[in-house]
Amino acid sequence: MSIKYAHTNIVAKDWRKLSEFYINVFECKPQYPERDLSGDWIDSLTNIPNVKVKGIHLSLPGYGDGPTLEVFGYEPDNLRNTEPKINLQGFGHIAFHVDEVEVVVQKLVEHGGKILGQIIKKDYEGIGLLTAAYAQDPEGNFIEIQNWSK
């Protein structure tokens, strides 16, 4: 049996706007066609009657046809009913390795995201220097922006 990682999904309030954020800040590339899913099959898959799912897959930087970030919106929606926190149980964040953490954090803020704490530098003996920041996209999803150098 062969197994390979396919995608990570983000359920968005506004999938078009959130997709543009990841395209503009992290250089993700849209993979067309956009998805417009409805019918008995998706109702059965999601266990949501009369669901409509729209969105797009975004190629992640550095991977070409590799795993994607799937940004979807649902109708009817079920918006988050709690303030996001970095330490909630379940999937916590996605991470991007970048050349310059400070530059990408600034770009993230300019496109509606926000930094969670501070940009840190930590020397890990035998591994290298980590420069990193936790941030949030415009809908509150957590992102780690990191750089490892020797």
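Fair warning: this is a prediction, and the values are worked out from it, not measured in the lab. (Residues numbered from 1 in each chain as written. Predicted model: local features only at pLDDT ≥ 70, side-chain atom pairs only at ≥ 80, totals over all residues. Heavy atoms only, no water.)

A. Summary view of the side chain of Glu144. Within the secondary structure, Glu144 sits in strand β9 (residues 142–149). Summary of buried charges: Glu144 has no salt-bridge partner, and the nearest side chain of opposite charge, Lys121, is 13 Å away. Sequence-distant contacts of Glu144, that is, excluding residues within four places in its chain, are made with His93, Ile94, Ala95, Phe96, Ala132, Ala133 and Tyr134. (Helix = DSSP H or I, 4+ residues; strand = E, 2+ residues; numbered from the N terminus. Buried < 20%, exposed > 50% of the residue type's maximum accessible area, 1.4 Å probe, protein only. Lys, Arg positive; Asp, Glu negative; His and termini not counted. Salt bridge = Lys/Arg side-chain N within 4 Å of Asp/Glu carboxyl O. Contact = heavy atoms within 4.5 Å.)

B. Expanded view of unusual backbone geometry. A cis amide bond links Tyr32 to the next residue, Pro33, at an omega of 10°. By the element assignment, Pro33 lies in strand β2 (residues 29–38). The peptide bond linking Glu75 to Pro76 adopts the cis configuration, its omega dihedral lying at -5°. In this structure, Pro76 sits in the loop between β4 (68–75) and β5 (94–97). For Asn47, which is not glycine, the phi torsion reads 60° and is therefore positive. Take Asn47: it is sitting in the loop between α2 (40–46) and β3 (52–59). For Asn47, a relative accessible area of 69% gives the class exposed. In the Ramachandran plot, Asn50 falls in the positive-phi region, its phi being about 55° despite a non-glycine side chain. Along the chain, Asn50 turns up in the loop between α2 and β3.

C. Spotlight on the packing of helix α1 (residues 15–26) against helix α3 (residues 101–110). α3 packs onto α1 with a crossing angle of 150° between their chain directions and a minimal axis gap of 9 Å. On the basis of their axis angle, the class for α1 and α3 is roughly antiparallel. Of the two elements, α1 crosses α3, and the hand of that crossing is right-handed. In contact with Phe21, Asn24, Val25 and Phe26 of α1, α3 contributes Val104, Lys107 and Leu108. Here the contact of α1 with α3 is built from residues that sort into five nonpolar, one polar and one charged. (Axes fitted to C-alpha atoms, helices over the stretch in contact; angles between N-to-C directions. Parallel < 35°, antiparallel > 145°, perpendicular 65-115°, else oblique. Left-handed = near helix turned anticlockwise from the far one by under 90°. Nonpolar A, V, L, I, M, F, W, Y, C, P; charged D, E, K, R; others polar.)

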